[in-house]
Amino acid sequence: MRWLVGWSGAAAGSNGRGRAPRPGANGARTAPDGYGPAGTSVPNGYDGYGGYGGRGEETGGYGTHGGSARGGYGTRGSHGDPGRTGAGVAGPGGHDSHSHYTGPGGPGDPTRPHPGGPYADPYDSYGPYGHAAHTAHVPDGSSGSSAGGSLQPVGAQVLWSDPDPLWAVGDWRPDEIRVIEAESGYRLAVFGCCGATDEELRVGLVAARGGAFRHLTAWPGSYTAVACIGRRITIAADLAGARPVFHAPWAGGTAYATAALPLADLIEAQLDVGHLAALLACPDSPEALGDGTPYLGVRRVPPGHALIVRDGGSREIAGYESSASLVVGAPPVDPDAAVAGVRDALVEAVRARMTAPRHAAEHDFDVRDPGPVPGMGPADRRAARGGPAPGIGADLSGGPASGTLALLAAGLPGMPGTVFGTGAAGAGERLMAVTYNDLTLSGGSSTGDPAGSKDPAGSRDPAGSKDAELERARAIAENPRLRHVVVTGDEETLPYADLASSPLTDEPGPSLVTAERHRHRLAAGSSDHFVGLGAREVLDAHPARLADLLLDRRRRHLVRPVAALVRSEGQAAGRSLLVPVTIYRAARRLARTSYRDGVEETAAQLRDGTVAASAFAAYREGGESAVDASVAALTWCRPGPAARWLTGEALAEVSLRLDAAAQARPSVERPGERRARAALARRAADHRVFEQAVEIRNQRLHAPFLDNQVVRASRALPEALRVRPGARASVLRAALAGAGVHELPAGWGAPSRTAHEASLRAGIRLAADQLMQLFQAPLLADAGLVEARVVRQAIQRIAKGEPLPLDGLADLVSMELWLGRLLARRGTCWTGSAAPRRRAAAAGVTPAPRYERTLPPTSG
């Protein structure tokens, strides 16, 4: 887990500097609970020559590389307390062995030209007042004391210090943090994979100085940019929401971070039970979620917006994307030019990852064989340890999204996927392509999509079966620059398997129930691994866009998507004849319904009991059809799959949130555009949780479809092109053709129905006893969100094979697991004499009386 945190205080010390570090016994500088110099170690901090711990069994917070489990998130692969000690060897300059990175200017290099860079002396940072201490000034007047005022994240490295300090926490690679300083007090820090050159970063810093901070989001790659212009801090969230920004008022100023839990620890926030209820009832509705988080007082910056803090006191949320007006018609967009824009953005997104330095662990270059095991070679032992292969790889499920990324990465000239001299490809010319084959399924398809989302225009064509997708993956892997690896999974990798090993993520998400499954697949991947997540939400048309076409009086463009839905009904004679009328009526009704009326209608639906009454209703085998899914999506707002399991009180509170949003924030967006943005934000948030849940040491997951430039280019696609059947496959085919790839296997891009539901039912059947124990006395029941008896009854009936809905149950299980990890952890994410005394959510999940404050007063 990697995150950055900083604050801007309303008040500053007399000299803007924190307390100087105390000299150690040997004359070396030490810091309380922070970095340790090479060869020494300090409590709760970095160990200069200590390696990572093994798979720690911590229940507490962020365990950073070298950080103790007492201070923050614990993830699988970061060491905890207690946990097994790792055998890492320090890299050059005393850096830990998380990644192998050599060369001038690296960590610990005394000739590094930038004194304020993120890899300079950890006890010495360059600020506006010269060299300052590694501890930050607390803007409450307490820093003047020799015994107080020291506050910093556990295991952090300072990028710049007072009066507005900024830290990077976690196992950041050397090339993932770049700091540019134009002049004293004007700095730009970029975190993540950014394809901009240093000169382009300086130009962006100059533009941000004048207020044009949109330039900070227009470079290829996935990153977070923080611009410090004097005492004005600007930090931008991405367009999709995969790299969010959180903020909270603190000590008379504003604290911000790219993770919510550190801020919750900082302000000692409690759980926001109302937000948890909204996350279960309406997960893809911004009207219910708003800008809240699971922690009271911690707010989220919406996607496409930036947080601007001035002098610590003034806080502003400003959007950096222009919205189309509904009054003046936009000029027509050339479809060919729009597709070419998507192609160029996608190629540049892949190129940004391919041109980055290659990374590998120390043991990949160690000629000695660490601990021989009879019958196992070095590659087998590496796979058993769970470490990824060096270099770059990609998923290859047989679908168009992952296949496009793999072929683009393999086709870029002069950019090998593996590190020279390592792995099976000693020449360093082949890119590893990983295909997952679920052996527990006799039919259906198996993909690398962690959410298993359905295609609204799905097909029952045999071209979308599991065997057909595997054959397409094998055909694509015949590319001489690809090295194909097939990973098989059995009952131990089904959903709901090994729930006890799930880590604590920043927020709850349904990916927790499938974390073991995807961790098993990604363990066979590379240090930098491409995944095709987000392609459906970015490129495909949300069904609600049919209403947008009616608003533009373009009814003829409805013919193709409606005809595809008719074909999806197959042999359902009679029903298929009613599909065009059903779809047209639903689209016309949405086009004629105002935003306020649509949201209030959903709120009334939550209150009248119809949602809860469908909990034990018979569910169609294989899930709802494409027609039913499309009709249900033709609304301004709709309940989520877990709403049917919530109590009436929880649904009532969510309905009040919807009513308040409908009255306070009327929308001027088109229904299809708004629903598409909300669906993308939900997928990006799920991907963020997925990335944390399946985190493997030394590995980075890359989702180019969620990059800012790819999202921008995709939004420029005309709606008439989006709603065509197979639009995503045709756009990706054009992208490959522009990159020189013209030969694709038969059936490439065919819509398919995933076998996610079949694997979910099999997983529940095998983990029924474990799930029953989990909901024997659930925390969700203590919060008043569910009735434990009802959930246990649903688990028993599903395990017996009854056709009940499954998606909502996955949401409940993942949130129950997340609450248990959160409340069982030890310590906080902060250390120092001024650190908070209590961790976040110290009061548990006991719901406070809140309906009396929300409901209007009664007369008399």
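Residues numbered from 1 in each chain as written. Predicted model: local features only at pLDDT ≥ 70, side-chain atom pairs only at ≥ 80, totals over all residues. Heavy atoms only, no water.

So, on to the environment of alanine 477. Relative to the assigned elements, alanine 477 resides in the loop between α8 (466-476) and β20 (482-489). The buried category is assigned to alanine 477, whose relative accessible area is 11%. In sequence terms alanine 477 and leucine 407 are 70 residues apart; their C-alpha atoms lie 8.9 Å from each other. Once residues within four sequence positions are removed from consideration, alanine 477 is found in contact with Leu396, Leu482 and His484. (Helix = DSSP H or I, 4+ residues; strand = E, 2+ residues; numbered from the N terminus. Buried < 20%, exposed > 50% of the residue type's maximum accessible area, 1.4 Å probe, protein only. Contact = heavy atoms within 4.5 Å.)

With that settled, the discussion passes to the packing of helix α14 (residues 595-607) against helix α17 (residues 648-664). At a closest axis distance of 8 Å, the pairing of α14 and α17 adopts a crossing angle of 170°. Here α14 is positioned roughly antiparallel relative to α17, judged by the angle of their axes. For the pair α14 and α17, contact is made by Tyr595, Arg596, Val599, Glu600, Thr602, Ala603, Leu606 and Arg607 and by Leu651, Val654, Ser655, Leu658, Asp659, Ala661, Ala662 and Gln663, respectively. (Axes fitted to C-alpha atoms, helices over the stretch in contact; angles between N-to-C directions. Parallel < 35°, antiparallel > 145°, perpendicular 65-115°, else oblique.)

Time to look at the pattern of salt bridges. Tallied over the entire structure, the rule returns 43 salt bridges. Here arginine 657 makes a salt bridge to aspartate 272, at a shortest N to O gap of 3.8 Å. One end of the pair, arginine 657, is in helix α17; the other, aspartate 272, is in the loop between α2 (260-267) and α3 (273-281), and 385 residues separate them in sequence. Given a relative accessible area of 23%, arginine 657 falls into the partly exposed group. You can call aspartate 272 buried: its relative accessible area is 15%. Ionic pairing is found between glutamate 507 and arginine 688, a salt bridge with its closest N-O pair at 3.4 Å. With glutamate 507 in the loop between β20 and α9 (515-522) and arginine 688 in helix α18 (residues 671-693), this residue pair connects regions lying 181 residues apart in the sequence. Across the pair, arginine 688 and glutamate 507 agree in class, each one buried. If you follow the salt bridges from partner to partner, you end up with Arg2, Asp171, Glu176, Glu695 and Arg700 in one network. (Salt bridge = Lys/Arg side-chain N within 4 Å of Asp/Glu carboxyl O.)

Take the sheet that holds strand β16 (residues 305-310) next. Taken together, the six strands give an open sheet; going across it, the order is β9-β10-β11-β12-β16-β17, and neighbouring strands pair in antiparallel fashion. With one partner strand each, in any of the chains shown, β9 (177-183) and β17 (314-319) form the two edges of the open sheet. Ignoring strand direction, the axes of neighbouring strands in this sheet form an average angle of 15°. Two strands pair when backbone bridges link them, and β16 and β17 are joined in this way by six bridges, in the antiparallel orientation. (Pairing = 2+ DSSP bridges.)

Here we take up the side chain of arginine 517. By the secondary structure assignment, arginine 517 is in helix α9. Note on arginine 517: relative accessible area 10%, which makes it buried. Looking at arginine 517, its side chain comes within polar contact range of the side chain of aspartate 438, at 2.5 Å. Ignoring any residue separated from it by four or fewer positions in sequence, one finds arginine 517 in contact with Tyr436, Asp438, Thr493, Leu494, Pro495 and Ser759. (Polar contact = N/O pair within 3.5 Å; in protein donor to acceptor, adjacent residues only side chain to side chain.)

So, about the sheet that holds strand β21 (residues 526-530). On the basis of which strands lie adjacent, the open sheet formed by five strands has the order β20-β19-β18-β21-β22 and parallel pairing. Of all strands in the sheet, those bounded by a partner on one side alone are β20 and β22 (700-702). Strand-to-strand twist of the sheet, defined as the mean angle between neighbouring strand axes without regard to direction, takes the value 30°. Pairing between strand β18 (residues 389-395) and β21: four bridges, direction parallel. Of the residues in β21, the one forming a bridge with isoleucine 392 is aspartate 528. Against the sheet, helix α5 (residues 335-354) touches β18, β19 (431-438), β21 and β22, its axis set at about 175° to β21.

Turning to the nonpolar core, a few remarks are in order. Among the nonpolar cores identified, the biggest contains 188 residues, and Tyr496 and Leu785 are the most heavily contacted of them. Residues in contact with tyrosine 496, not counting those within four places in the same chain, are Val513, Leu760, Gly763, Ile764, Ala767, Gln770, Leu771, Leu809, Ala810 and Val813. Ranked by size, the runner-up nonpolar core spans 20 residues in total, among them Leu159, Ala168, Ile177 and Val301. (Core = buried A, V, L, I, M, F, W, Y, C linked by side-chain atoms within 4.5 Å.)

Time to look at the packing of aromatic side chains. Under the criterion given, the structure shown has eight aromatic pairs. Members of the aromatic cluster, connected to one another through ring pairs, are Trp7, Trp167, Trp250 and Trp830. Its guanidinium or amino end placed over the ring of tyrosine 186, arginine 209 lies 4.3 Å from that ring's centre, counting from NZ or CZ. (Phe/Tyr/Trp six-rings, centres within 6.5 Å; stacked < 30°, edge-to-face > 60°. Lys NZ or Arg CZ within 6 Å of the ring centre and 35° of its normal.)

Function-wise, these values are silent; they only describe arrangement.
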